[in-house]
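What follows is each chain in one-letter form.
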Amino acid sequence: MKISSNGNGPTVLSKVPRHVAVVMDGNGRWAKKRFLPRVEGHRAGVKSVRMIVEESRRLGIRYLTLFAFSTENWQRPRDEVSSLMKLFAQYLESELELMLKNDIRLRAVGDLSRLPKEVQHSLQKNFDRTKDMQGMDLVLAVSYGGRDELVHAARRIAEKARSGELDPDSISEATITEHLYAPDVPDPDVLIRTSDENRISNFLLWQLAYSEIVVTPVLWPDFSKEEYTRCLQEFSGRTRRFGLTDEQLAQGAAAAK
Ligand code: FPP
């Protein structure tokens, strides 16, 4: 059992997820409500990124994956794309020391070759500097698409089959997993999506097969520590069956004792 505080006294989380994945949605609507340009919503969203990284680390969550920019987002207005790229580069520069101090390893998944050179360099610098950190892996999904990741994996598997390195009959679920962008990262236990949208939006299509989905109406820039705790409590209260019956789960739990 893990104890955390939400500012109103201690909060009990009966289960701390190993891997939390987040679709950070609603920046545009947050800005629109305030008659501000969309980029101001993204800028305000960086504060929530900072909060969730620190709080996840504090709670002992081992992997945190944030959907920062999708393959589809490249089609947004040029100004918005370039502002987002600048925000990513600034974030990487400003957070490096905090990552080192908090024992956080930075990683990224996606087609990074499409990113501006400046962002690629900042990412590489942070990967190199944080590679030995072991407290938490912060995985940024940038220029990421779940279908794109599966196409990428399929191509690499096909190349190995063509060269004779791999027998097509031996291809299993594990083979697909091994060819994903971050094969060692376990599947998310929980997917949190803000701004009341009930969609996966091409995020981690393979990995989310058995993840619990928690949707909150809060827009990403307003996503607070308290709301994060509430989402994790909602996850804690769920029974995960992985396709089994309640009876089978109870038998499994008894056998494990
Ligand atoms: C979705 O909201 C959000 C994005 C496409 C960008 C997410 C970026 C950030 C939270 C800021 C910086 C991130 C890092 C990692 C430093 P939306 O624009 O689709 O919102 P809407 O649906 O209300 O229009």
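You'll find the structure just up there.
Residues numbered from 1 in each chain as written. Predicted model: local features only at pLDDT ≥ 70, side-chain atom pairs only at ≥ 80, totals over all residues. Heavy atoms only, no water.

1. Some points on the site of the ligand
What surrounds the ligand is a group of 17 residues, the closest being D25, G28, R29, R38 and R76. Here an oxygen atom of the ligand sits 3.2 Å away from a polar atom, N or O, in the main chain of N27. Within the backbone of G28, one N or O atom sits 3.0 Å away from an oxygen atom of the ligand. When the ligand sits alone it has 620 Å² of accessible area, and the protein chains cover 92% of it. Among the elements of the structure, α1 (27–33), α2 (38–59) and α3 (78–101) are those that each provide at least two residues to the shell around the ligand. Of the residues assigned to the shell around the ligand, the class counts are 8 nonpolar, 5 polar and 4 charged. (Near = heavy atom within 4 Å. Polar contact = N/O pair within 3.5 Å; in protein donor to acceptor, adjacent residues only side chain to side chain. Areas by Shrake-Rupley, 256 points an atom, 1.4 Å probe, with all protein chains shown as cover. Helix = DSSP H or I, 4+ residues; strand = E, 2+ residues; numbered from the N terminus. Nonpolar A, V, L, I, M, F, W, Y, C, P; charged D, E, K, R; others polar.)

2. Let's talk about the packing of aromatic side chains
Throughout the structure, instances matching the rule amount to 9 aromatic pairs. Plain terms: the ring middles of F69 and F88 are 6.3 Å apart, the flat faces sit at 85° to each other, and that makes the pair edge-to-face. Of the two residues, F69 is situated in strand β4 (residues 63–70) and F88 in helix α3; the sequence distance between them amounts to 19 residues. Taken together, F67, Y144, Y181 and F203 form an aromatic cluster joined through their ring pairs. Across from the ring centre of Y63, 4.9 Å away, lies the NZ or CZ of R62, which sits over that ring. (Phe/Tyr/Trp six-rings, centres within 6.5 Å; stacked < 30°, edge-to-face > 60°. Lys NZ or Arg CZ within 6 Å of the ring centre and 35° of its normal.)

3. Observations regarding the environment of A108
Inspection of the secondary structure assignment puts A108 in strand β5 (residues 104–109). Sequence separation of A108 and Q124 is 16 residues, and the distance between their C-alpha atoms is 9.7 Å. Each residue touching A108, except ones within four places of it in the same chain, is listed here: L123, F127, L140 and V142. (Contact = heavy atoms within 4.5 Å.)

4. Describing the nonpolar core
In terms of nonpolar packing, the biggest core is built from 45 residues, with I52, V53, L64, L66, L138, I192 and Y228 touching the most fellow members. Take this core: its biggest share by element is 9 residues, from α3. Not counting the four nearest positions on each side in its chain, I192 is found in contact with V20, A21, V22, V23, V214, T216, F223, Y228, C231 and L232. By size, the runner-up hydrophobic cluster in this structure holds 14 residues, among which are A141, A182, V185 and F203. (Core = buried A, V, L, I, M, F, W, Y, C linked by side-chain atoms within 4.5 Å. Buried < 20%, exposed > 50% of the residue type's maximum accessible area, 1.4 Å probe, protein only.)

5. Focus: α3
Between the first and last C-alpha of α3 there are 35 Å, a value that for 24 residues agrees with the 34 Å anticipated at 1.5 Å per step. For α3, the principal kink sits at E95 and spans about 45°. Considered for burial, the residues of α3 that qualify are E80, V81, L84, M85, L87, F88, A89, Y91, L92, E95, L96 and M99. Packed against the buried residues of α3 are α2, β4, β5, α4 (117–130) and β6 (136–144). The positive-phi residue at the C-terminal boundary of α3 is D103, with phi of around 60°. (Expected span 1.5 Å × (residues − 1). Bend = angle between axes of the 7 residues up to and from the residue.)

6. Here's the deal with the sheet that holds β4
The parallel open sheet is built from 6 strands, whose spatial order is β5-β6-β4-β3-β7-β8. Two strands bound the open sheet, and with one partner strand each, they are β5 and β8 (212–215). Across the sheet, the axes of successive neighbouring strands diverge by a mean angle of 20°, strand direction being ignored. Pairing geometry for strand β7 (residues 190–193) and β8, over 4 bridges, is parallel. Within β8, the position partnered with L191 by the bridge is I213. In this fold helix α7 (residues 225–236) packs onto β3 (19–23), β4, β7 and β8, with an angle of close to 145° to the strand it touches most, β8. (Pairing = 2+ DSSP bridges. Axes fitted to C-alpha atoms, helices over the stretch in contact; angles between N-to-C directions.)

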